Amino acid sequence: MGSTTDKIKGMANEAAGNIKQAAGKAMNKPEWEAEGKAQELKGEAQQALGKGKDAVKKAVDKV
């Protein structure tokens, strides 16, 4: 997967996780909140992976 794809999927997962957390709070469903938090963290990790790939590519391009 490319760095841009990782970042886009990460943003989507983070947004979906935030929505799931909000729905869980509104409907008093702690399991939804937990699932949402996990999905948000997954999204943040995906974005970090994409940024890491960008950094590696920049370093390789300089050489």
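Each residue is numbered by its place in its chain's sequence as written, counting from 1. Per-residue local features of the predicted model are confined to residues with pLDDT of at least 70, and side-chain atom pairs are confined, for both listing and counting, to 80 or more; whole-chain, interface and lining totals are unaffected and use all residues. Excluded from the side-chain calculations are hydrogens and water; all other atoms, namely the structure's heavy atoms, are used.

**Q** I'd like to hear about the pattern of salt bridges, residue by residue, with values.
**A** Salt bridges are defined by distance alone: a side-chain nitrogen of Lys or Arg within 4 Å of a carboxyl oxygen of Asp or Glu. Counted by the stated rule, this structure contains four salt bridges. The partner of Asp6 in a salt bridge is Lys53, and the shortest N-O contact between them spans 2.7 Å. Highlighted residues: Asp6 in helix α1 (residues 3–26) and Lys53 in helix α2 (residues 30–62), separated in sequence by 47 residues. Exposure classes here rest on a 1.4 Å probe applied to the protein chains alone. A residue is buried below 20% of its type maximum, exposed above 50%, and partly exposed in between. Since its relative accessible area comes to 2%, Asp6 is described here as buried. Lys57 is the partner of Asp61 in a salt bridge, and the nearest nitrogen-oxygen pair spans 3.0 Å. Put simply, DSSP H or I for four residues or longer makes a helix, DSSP E for two residues or longer makes a strand, and each gets a number counted from the N terminus.

**Q** I'd like to hear about the side chain of Gln47, residue by residue, with values.
**A** On the secondary structure map, Gln47 appears in helix α2. Judged by its relative accessible area of 14%, Gln47 is buried. If we skip the residues at most four places from it in the chain, Gln47 touches Asp6, Lys7, Gly10, Met11 and Glu14. By the convention used here, residues are in contact when the closest approach between their heavy atoms is within 4.5 Å.

**Q** Describe in detail the environment of Asn13, supporting the description with residues and values.
**A** Along the chain, Asn13 falls in helix α1. The exposure class assigned to Asn13 is buried, which follows from its relative accessible area of 14%. Apart from the residues within four sequence positions on either side, Asn13 is in contact with Gln39, Glu40, Lys42, Gly43 and Gln46. The definition of a polar contact used here is a pair of N or O atoms within 3.5 Å, where within protein one atom must be able to donate a hydrogen and the other to accept one, and adjacent residues in sequence count solely through side-chain atom pairs. At a separation of 2.7 Å, a polar atom in the side chain of Asn13 contacts the side chain of Gln46.

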